[in-house]
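# An overview of the molecular structure
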Amino acid sequence: MEAKTKEIGSSVDVKFIDRSSWLRAAVLGANDAILSTASIAIGVAAGTDTRDFIILATLAGLVAGALSMTASKFVSICSQTDTEKAEIERERIELVESPELEMLELAGIYEKRGLKKETAIQVAKEFTEKDALAAHVRDELGINKISQPKPLQSALSAGAAFIMGGSLSLMVTIFLPEKSMVYTLYGSGIFSLIILGVVTAKTGGSSVWKAITRITLWGTLVMGTSAFVGYLFGMNM
Ligand SMILES: [Zn+2]
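Here's a quick rundown of the structure.

Conventions adopted
- Residues numbered from 1 in each chain as written.
- Predicted model: local features only at pLDDT ≥ 70, side-chain atom pairs only at ≥ 80, totals over all residues.
- Heavy atoms only, no water.
- Phe/Tyr/Trp six-rings, centres within 6.5 Å; stacked < 30°, edge-to-face > 60°.
- Helix = DSSP H or I, 4+ residues; strand = E, 2+ residues; numbered from the N terminus.
- Buried < 20%, exposed > 50% of the residue type's maximum accessible area, 1.4 Å probe, protein only.
- Salt bridge = Lys/Arg side-chain N within 4 Å of Asp/Glu carboxyl O.
- Core = buried A, V, L, I, M, F, W, Y, C linked by side-chain atoms within 4.5 Å.
- Contact = heavy atoms within 4.5 Å.
- Axes fitted to C-alpha atoms, helices over the stretch in contact; angles between N-to-C directions.
- Nonpolar A, V, L, I, M, F, W, Y, C, P; charged D, E, K, R; others polar.
- Donors = N, O, S within 2.8 Å, 3.2 Å for Na, K, Ca; no water.

## Digging into the packing of aromatic side chains
Within this structure, the stated rule accounts for one aromatic pair. Here Tyr-110 and Phe-127 contribute two aromatic rings whose centre-to-centre distance is 5.9 Å and whose plane-to-plane angle is 50°, an arrangement assigned as tilted. Linking Tyr-110 in helix H4 (residues 99–112) with Phe-127 in helix H5 (residues 117–139), this pair joins segments that are 17 residues apart in sequence. Given a relative accessible area of 30%, Phe-127 falls into the partly exposed group.

## A word on the pattern of salt bridges
For side chains of opposite charge, pairing can occur when their charged atoms come near one another. Scanning the entire structure with this criterion turns up five salt bridges. As a salt-bridge pair, Arg-113 and Asp-139 come within 3.5 Å of each other at their nearest N and O atoms. Here Asp-139 lies in helix H5 and Arg-113 lies in the loop between H4 and H5, a separation of 26 residues in the sequence. Judged by its relative accessible area of 4%, Asp-139 is buried. For the salt bridge of Asp-139 with Arg-138, the shortest nitrogen-to-oxygen distance reads 3.1 Å. We classify Arg-138 as partly exposed; its relative accessible area is 28%.

## Quick look at the nonpolar core
Core analysis: the largest hydrophobic core is formed by 11 residues, namely Ala-38, Ala-41, Ile-42, Ala-45, Ile-54, Val-172, Met-181, Leu-185, Ile-190, Met-223 and Ala-227. Of all the secondary-structure elements, those providing two or more residues to this core are helix H2 (21–47), helix H7 (181–204) and helix H8 (208–235). The greatest single-element share of this core, amounting to four residues, is contributed by H2. Each residue touching Ala-227, except ones within four places of it in the same chain, is listed here: Ile-42, Gly-43 and Ala-46.

## With respect to the packing of helix H3 (residues 51–97) against H4
Closest axis-to-axis distance for the H3/H4 pair is 5 Å, and the angle between their directions is 120°. Of the residues in H4, those in contact with Glu-91, Glu-94, Leu-95, Val-96 and Glu-97 of H3 are Pro-99, Glu-102 and Glu-105. In terms of residue class, the contact of H3 with H4 is built from three nonpolar, no polar and five charged.

## Re the coordination of the zinc ion
Every protein donor of the zinc ion is listed here as Glu-91 (OE), Glu-102 (OE), Glu-105 (OE), His-136 (ND1) and Glu-140 (OE), and their distances to the metal cover 1.7 to 2.5 Å. As a motif over one chain, the donors of the zinc ion read E-x10-E-x2-E-x30-H-x3-E. With Glu-105 in helix H4 and Glu-140 in the loop between H5 and helix H6 (151–175), this residue pair connects regions lying 35 residues apart in the sequence. Glu-140 carries the same exposure label as Glu-105, and that label is buried.

Here it is as structure tokens:
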């Protein structure tokens with residue numbers, strides 16, 4: 001009963017997400033890295049004129065961000081996999097204990113998806129005969145058993161993407177003129193966010209302009225706030 005809200009079309013979604021999970025993790029990691037590293041650098045640059053401080057803070061933010069991104073990604077994927085395994089195990093037990101009820105439950109799911117009652121029961125019966133557990137896991141739990149996300153692969157690609165995404169800001173703090181650093185950091189941050197957003201939108205087939213607008217607004221808000229806080233703090237030092 002509790003699976004009713006996620007049953008429609010979920011087997012298709014899960015399949016899709018799983019196949020590109022490491023890529024999604026990498027894109028999210030890079031996005032997060034660009035915005036957070038640029039914001040740290042901007043905040044410190046707005047508060048101090050000492051380049052060493054800016055570099056040190058940016059480097060610390062980059063390293064901490066990459067490590068925490070890797071660790072949290074790994075932990076979250078593992079706990080999701082554990083939950084799925086537990087759900088599958090519970091389904092296996094239910095199938096042994098009350099096979100008739102489980103068949104009717106499956107039929108109910110198909111009926112809700114638009115089949116006639118008789119057809120739904122017929123389909124549920126055939127799936128149950130073929131592989132009852134597979135049908136329940138797929139259509140009731142919405143889990144695609146065959147292609148589980150790979151936790152280590154996703155975690156490492158997210159961490160690597162974080163380092164790549166954040167290094168641009170670090171380069172800016174090391175090599176570009178200090179005077180205009182807040183603006184070059186903002187510019188390079190928005191620029192790389194937009195490039196990433198455009199690539200993502202193009203691959204996903206969604207609107208490029210919507211992505212650009214969203215990224216620019218949020219990026220400006222986040223980096224602007226960081227600059228403001230750094231500036232206020234710098235005035236009082
Ligand atoms: Zn079931």
